[in-house]
Amino acid sequence: MATVEKMPMLQVGYDKLNAQLRELKAERPLIVDAIEEARAHGDLSENAEYHAAKERQGQVEATISDLEDKLSRAQIIDPTTLSGNKIVFGATVTLLDEDDKPVKYQIVGQAEADAKAGMISYNSPLGRALIGREVGDEVEVSVPSGDKFYLVDKIAFI
């Protein structure tokens, strides 16, 4: 029997996915109405509105299925309940780059990762390199733009 892999995420990521799911489910009846209206126009073989509505319906259903799968496998982790001196999922880490400029990241799940907002996936190259490290550790990460070096400055669980 296959085991279902849990998907760790923060509460905020879970809530975001849930809101997205609700929006898409609310869009379903509107798509059905658009299909019905396009059908009323006659010949379906050259009916662009009909084909566009059917395509949107397929996209929405696929996304709903994906979101339901992620939410069913969600393992919500509250970083405020964590502690320790090693970087783990949910930790907020302050790193010093090669120019001693501080950069701050929170280790999060794949579904909620947004590097521009300082949230990196535990599966990203930097996320994988950071897990298990402690303050004072040097971290080398190979990224498409080349190798990057960081020094772990602070670990917080907020």
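Whatever comes next refers back to the structure up there.
Residues numbered from 1 in each chain as written. Predicted model: local features only at pLDDT ≥ 70, side-chain atom pairs only at ≥ 80, totals over all residues. Heavy atoms only, no water.

Structural notes on the overall build of the chain
So, point 1. Across its full length, the chain carries three helices and seven strands.
So, point 2. Each helix (α) and strand (β) of the chain, taken in turn from the N terminus, gives the series β-α-α-β-β-β-β-α-β-β.
So, point 3. The globule rule puts the C-alpha radius of gyration for 158 residues at 15 Å, and the 22 Å found for the chain is more than 25% above it.
So, point 4. For the chain, the C-alpha atoms occupy an extent of roughly 70 × 35 × 30 Å along the three principal directions.
So, point 5. Looking at the chain residue by residue over its 158 residues, the buried ones come to 34%.
So, point 6. If you take every contact in the chain between residues at least 6 apart in sequence, the share linking residues at least 24 apart comes to 53%.
So, point 7. Within the structure as shown, the chain displays about 9800 Å² of accessible surface, and the carbon and sulfur contribution to it stands at 51%.
So, point 8. In the chain, 18 positive and 28 negative side-chain charges are present, and the distance between their average locations comes to 4 Å. (Helix = DSSP H or I, 4+ residues; strand = E, 2+ residues; numbered from the N terminus. Rg over C-alpha atoms; globule rule 2.2 N^0.38 Å. Buried < 20%, exposed > 50% of the residue type's maximum accessible area, 1.4 Å probe, protein only. Contact = heavy atoms within 4.5 Å. Areas by Shrake-Rupley, 256 points an atom, 1.4 Å probe, with all protein chains shown as cover. Lys, Arg positive; Asp, Glu negative; His and termini not counted. Charge placed at Lys NZ, Arg CZ, Asp CG, Glu CD.)

Quick word on the pairing of strand 7 (residues 146–156)
So, point 1. In terms of strand pairing, strand 3 (residues 92–96) meets strand 7 through five bridges, oriented antiparallel. Its bridge partner lying in strand 7, Leu95 is registered against Val152.
So, point 2. In this sheet, strand 7 lies alongside strand 6 (residues 138–143) in antiparallel orientation, the contact comprising six bridges. Its bridge partner lying in strand 7, Ser142 is registered against Asp147.
So, point 3. From the end of strand 6 to the start of strand 7, which pair antiparallel, there are two residues. (Pairing = 2+ DSSP bridges.)

Comments concerning the pattern of salt bridges
So, point 1. In this structure the tally under the stated criterion is seven salt bridges.
So, point 2. Among the ionic pairs, Arg56 bridges to Glu27, the shortest N-O distance being 2.8 Å. Within this pair, whereas Arg56 is found in helix 2 (residues 48–72), its partner Glu27 is found in helix 1 (residues 11–39), the two being separated by 29 residues in sequence.
So, point 3. In this structure Arg56 comes out as partly exposed when scored by relative accessible area, which is 31%.
So, point 4. Between Arg73 and Asp69 there is a salt bridge, with its nearest N and O atoms 3.3 Å apart.
So, point 5. The exposure class of Asp69 is partly exposed, given its relative accessible area of 33%. (Salt bridge = Lys/Arg side-chain N within 4 Å of Asp/Glu carboxyl O.)

Coordinates in, geometry out; function isn't part of it.
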